[in-house]
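# Commentary on secondary and tertiary structure
The residues making up each chain are set out below.
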Amino acid sequence: MTKNITIIGSIRYVVGWIIMVSLWGSCHLNKINPSEKIAYLGPPASFTHSAAGKKFPSQTLVFQNSIEECFISVRSGIAEKAVVPLKNSIGGIVVPTEKALKAFPDIMIEDSLELPISQNLMVVPGTVAIKKIYSHPQALRQSRRLIDSLYPAIPRIEYSSTSAAAKWVSEHPEEKAAAIANTEAARLYKLKVINTDIQDDKNNRTMFIIISKKNKELH
């Protein structure tokens, strides 16, 4: 019960930030500076990479290996802003983001965007019998129904991001593993998609937030 109250409180906190930012005015949020560096949860071809590219098509995108590292990069000044996933329509709140929002009080939510999410199961070409399935915890939750149906006895290994899982699988063909990721990851890491749109809900969507350092204009 206490855990549920905490999650609800966190979601209300986040929604409150987004509403406040909207009232603050788009004239501040939509300033474009091509020299800015934008951090995102990577490596390339992650869903967060897609969100960052959509939101910041002109800026330099710099991938980080974890959500915490995205927050650290903004705090340290390595990046002006960062894009991280917050909540999925199937998997719910992204716990590392929830924890980071509490652990970094000097970082604020500046903006948000929501994107449709299509999960796909992919392997190294020639793989016959899958021994393990790797992906981000959210992707594993979002695809539980099909995985339970087709691969009920296959171990599922949590990884830092969907694209990191795809990259690992591509680099370790001897493991006979599969990854759950998007089709861009399959293309980039030369994997073969064997099941498409495996998410439990075809209307699967994820909200991403843009974070930056707090400044005096918000006080």
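Refer to the structure above for everything that follows.
Below you will find a few notes about this structure. Bear in mind that the values here come from a model prediction, so they are computed numbers and not experimental data.

## Observations regarding the overall build of the chain
Helix and strand content of the chain: 9 helices and 11 strands. The burial tally for the chain puts 47% of its 219 residues in the buried class. The contacts in the chain between residues at least 6 apart in sequence include a share of 78% that link residues at least 24 apart. Surface exposure of the chain reaches about 11,000 Å², of which carbon and sulfur atoms provide 56%.

## Considerations on the packing of aromatic side chains
In the structure shown here, the tally under the stated rule is 4 aromatic pairs. Residues Phe71 and Phe104 carry aromatic rings whose centres are separated by 5.3 Å and whose planes lie at 40° to one another, so their mutual orientation is tilted. Taken together, the residues Phe71 in helix 4 (residues 67-76) and Phe104 in the loop between helix 5 (95-103) and strand 5 (107-116) connect sequence positions 33 residues apart. Both residues of the pair, Phe71 and Phe104, belong to the buried class. Pairing Tyr134 with Tyr159 gives two aromatic rings, centres 5.9 Å apart and planes at 80°, and the pair type is edge-to-face. Taken as a pair, Tyr134 in strand 7 (residues 132-135) and Tyr159 in the loop between strand 8 (156-158) and helix 8 (162-171) lie far apart in primary sequence, 25 residues in all.

## Observations regarding the nonpolar core
Nonpolar side chains in soluble globular proteins tend to be buried together. Counting residues in hydrophobic clusters, the biggest one holds 19 residues, and the most contacted among them are Phe71, Ile209 and Ile211. Of all the secondary-structure elements, those providing two or more residues to this core are strand 1 (37-41), helix 4, strand 3 (81-88), helix 5, strand 5 and strand 11 (205-213). For this core, the element with the highest residue contribution is helix 4, accounting for 4 residues. In this structure, Ile209 is in contact with Ala82, Val83, Val84, Leu86, Thr97, Leu101, Ile109, Asp111 and Ser112, ignoring residues within four places of it in sequence. Counting residues in hydrophobic clusters, the runner-up holds 15 residues, among them Ala45, Val124, Ala166 and Ala177.

## Points about empty space enclosed by the protein
Under the criterion given, the structure shown has 1 cavity of 30 Å³ or more. Size it by volume and the largest cavity reaches roughly 190 Å³. Lining the largest cavity are 17 residues; nearest its centre among them are Phe47, Pro85, His136, Gln138 and Thr162. Secondary structure elements with two or more residues in the lining of the largest cavity: helix 3 (47-55), strand 3, helix 6 (137-142) and strand 11.

## Let's talk about helix 3
Those residues of helix 3 that sit buried are Phe47, Thr48, Ala51 and Ala52. All buried residues of helix 3 lie within an arc of 140° about the axis, which places them on one face of the element.

## Things to note about the sheet that holds strand 10 (residues 192-195)
The 5 strands lie next to each other as 8-7-9-6-10, forming an open sheet whose pairing is mixed. At either end of the open sheet lies a strand with only one pairing partner, and these are strand 8 and strand 10. Each adjacent strand pair in this sheet contributes to an overall mean axis angle of 35°, direction not counted. In this structure, strand 7 lies alongside strand 8, joined through 3 bridges in parallel fashion. For Tyr134, the partnering residue across the bridge sits in strand 8 and is Ile157.

## Looking at the environment of Ala165
Considering the arrangement of structural elements, one finds Ala165 in helix 8. For the pair Ala165 and Ala178, spaced 13 residues apart in the sequence, the C-alpha separation amounts to 8.6 Å. Among all residues touching Ala165, those that are not within four sequence positions of it are Tyr134, Ser135, Tyr159 and Ala179.

## Looking at the packing of helix 4 against helix 5
Two elements in contact, helix 4 and helix 5, have axes separated by 9 Å at closest approach and are oriented at 30°. Here helix 4 lies roughly parallel to helix 5, going by the angle between them. The element helix 4 and its partner helix 5 pack so that their crossing is right-handed. Between helix 4 and helix 5, the contacting residues are Ile67, Phe71 and Arg75 on the first element and Pro96, Thr97, Ala100, Leu101 and Ala103 on the second.

## Side note on the side chain of Lys81
Relative to the assigned elements, Lys81 resides in strand 3. For Lys81, a relative accessible area of 10% puts it in the buried group. At 3.0 Å, the side chain of Lys81 forms a polar contact with the side chain of Glu110. Each residue touching Lys81, except ones within four places of it in the same chain, is listed here: Glu36, Lys37, Ile38, Ala39, Phe56, Val74, Glu110, Ile210, Ile211 and Ser212.

Rules of the game
- Residues numbered from 1 in each chain as written.
- Predicted model: local features only at pLDDT ≥ 70, side-chain atom pairs only at ≥ 80, totals over all residues.
- Heavy atoms only, no water.
- Helix = DSSP H or I, 4+ residues; strand = E, 2+ residues; numbered from the N terminus.
- Buried < 20%, exposed > 50% of the residue type's maximum accessible area, 1.4 Å probe, protein only.
- Contact = heavy atoms within 4.5 Å.
- Areas by Shrake-Rupley, 256 points an atom, 1.4 Å probe, with all protein chains shown as cover.
- Phe/Tyr/Trp six-rings, centres within 6.5 Å; stacked < 30°, edge-to-face > 60°.
- Core = buried A, V, L, I, M, F, W, Y, C linked by side-chain atoms within 4.5 Å.
- 1 Å grid on protein atoms, 1.4 Å probe; cavity = no way out; pocket = protein on both sides within 12 Å on 5 of 7 lines; lining within 4 Å.
- Points joined across faces, edges and corners; volume = space filled by probe spheres on them.
- Arc of directions from axis to C-beta.
- Pairing = 2+ DSSP bridges.
- Axes fitted to C-alpha atoms, helices over the stretch in contact; angles between N-to-C directions.
- Parallel < 35°, antiparallel > 145°, perpendicular 65-115°, else oblique.
- Left-handed = near helix turned anticlockwise from the far one by under 90°.
- Polar contact = N/O pair within 3.5 Å; in protein donor to acceptor, adjacent residues only side chain to side chain.

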